[in-house]
Structures are given as C-alpha cells and as structure tokens.
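Coordinate inspection notes
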Amino acid sequence: AEQLQAQGAFSARKILTLRRPSDRVALQRLIKQAIASPSSAASSTHPIAIEQVDGRPLLIDALPVDPTIAGAPAALVLFSDPAGRRPGNPERALQLLGLTAAEARVAAAVGGGTSPREAADHLEITENTVRSALKVIYDKLGISRQSELARIVARLAP
C-alpha cells in the first residue's frame, strides 16, 4: 500500500484509484465476497491481478475480519507485488483477524511450516502451550486443520 501511495494510486481521501474500470469492479467484487463470509478467515476468495499505475501487475486478496473486532462487516485487503520485496512477518495481519499477539506468534510459526514442537522451542514455551493456543486460534479463525492455518498464513505473507 505504501508503494501504491508513492506512485500516486490513492486519492487525497485515501481511496485507491484504479486505472481500468474492470479492475475497480473486480476489487469491489473481491471485497464484497470476503465481507459476505465473515465467519472464517479461511473463506475462499481468489486473488485478483490489477494493473498498477506504472503498468506492472499487482495481486490483491481479501480476508474477512470478524465483525466483533471491526465493529462492522470488514475485510483485510492484502496487496502483493510479484516484482517487489517479500513482506515481513504476518503476525500483525493475524492480529487484525482477531488473534492476540501471543496467538499470532504461534499461528505464524505453525502456519509457516514449523511443527508445534519446533514452534515451542523457537518461542520458548511448552509444546502443550502451543497446542492449546492452536485450539483457540482455530476457533477464532473458523478453521479446523493446520493446513487451513498454513493457507491463511501463506495468503498474509506470500
């Protein structure tokens, strides 16, 4: 988003300006789809590709945000520039989906491909604490499997 702002892609009111009408329609549809299924961060929206101001493609995805957190139906919109640098840790985005900071650390570690035992060692907590946290994380995100967590984390840090 910061790169888009530097390119002049946002209006003075902080509204994303897209050059092609078809891109605007696709983005609106993507956000509406995410908002329509707020019960699960694993809801299946498919990323869209739009054209940036400089003509390069930009991937955009959206995840639903729990209305109890946002105060109203909302979506977390993710921007990914295939030619840009990789984003950092997905922990902040996981917190926007309703996880505490500690839960987000566990989710990022396990969803990023480490085993619960490895995550426990890395985070300097017990494996039982990781497993207990995963139960809460799965409940908050509306998922039931580690593979679904991995999918969410991958979407937040492609």
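Anyway, here's the lowdown on the structure attached to this text. (Residues numbered from 1 in each chain as written. Predicted model: local features only at pLDDT ≥ 70, side-chain atom pairs only at ≥ 80, totals over all residues. Heavy atoms only, no water.)

Attention now moves to the sheet that holds strand 1 (residues 48–51). Pairing is antiparallel in the open sheet, where three strands are placed in the order 1-2-3. Either end of the sheet is taken by a strand with one partner, and the two such strands are strand 1 and strand 3 (74–80). When strand polarity is set aside, the average angle formed by the axes of neighbouring strands in this sheet is 35°. Contacting strand 1, strand 2 (57–65) and strand 3, helix 2 (residues 21–36) crosses the sheet at an angle of about 25° to strand 2. (Pairing = 2+ DSSP bridges. Helix = DSSP H or I, 4+ residues; strand = E, 2+ residues; numbered from the N terminus. Axes fitted to C-alpha atoms, helices over the stretch in contact; angles between N-to-C directions. Contact = heavy atoms within 4.5 Å.)

Looking now at the pattern of salt bridges. Any two side chains of opposite charge can pair, on the condition that their charged atoms come close. The final tally for this structure, using the stated rule, is four salt bridges. With a shortest N-O distance of 2.8 Å, Glu-103 and Lys-140 are connected by a salt bridge. Here Glu-103, found in helix 5 (residues 101–111), pairs with Lys-140, found in helix 7 (residues 127–141); they are 37 residues apart in sequence, far enough to count as distant. Note on Glu-103: relative accessible area 12%, which makes it buried. When its relative accessible area of 34% is taken as the criterion, Lys-140 is described as partly exposed. What emerges from the salt-bridge pattern is a single network uniting Arg-117, Glu-127 and Arg-131. (Salt bridge = Lys/Arg side-chain N within 4 Å of Asp/Glu carboxyl O. Buried < 20%, exposed > 50% of the residue type's maximum accessible area, 1.4 Å probe, protein only.)

A word on helix 8 (residues 146–156). If you check which residues of helix 8 are buried, you get Leu-149, Ile-152, Val-153, Arg-155 and Leu-156. The buried side chains of helix 8 occupy one side of the element, clustering within an arc of 160° when seen end-on. On the buried face of helix 8, the contacting elements are strand 2, strand 3, helix 4 (91–96), helix 5 and helix 7. (Arc of directions from axis to C-beta.)

Glancing now at the environment of Ala-70. Here Ala-70 is to be found in helix 3 (residues 67–70). Residues Ala-70 and Leu-97, 27 residues apart in the sequence, show an inter-C-alpha distance of 9.1 Å.

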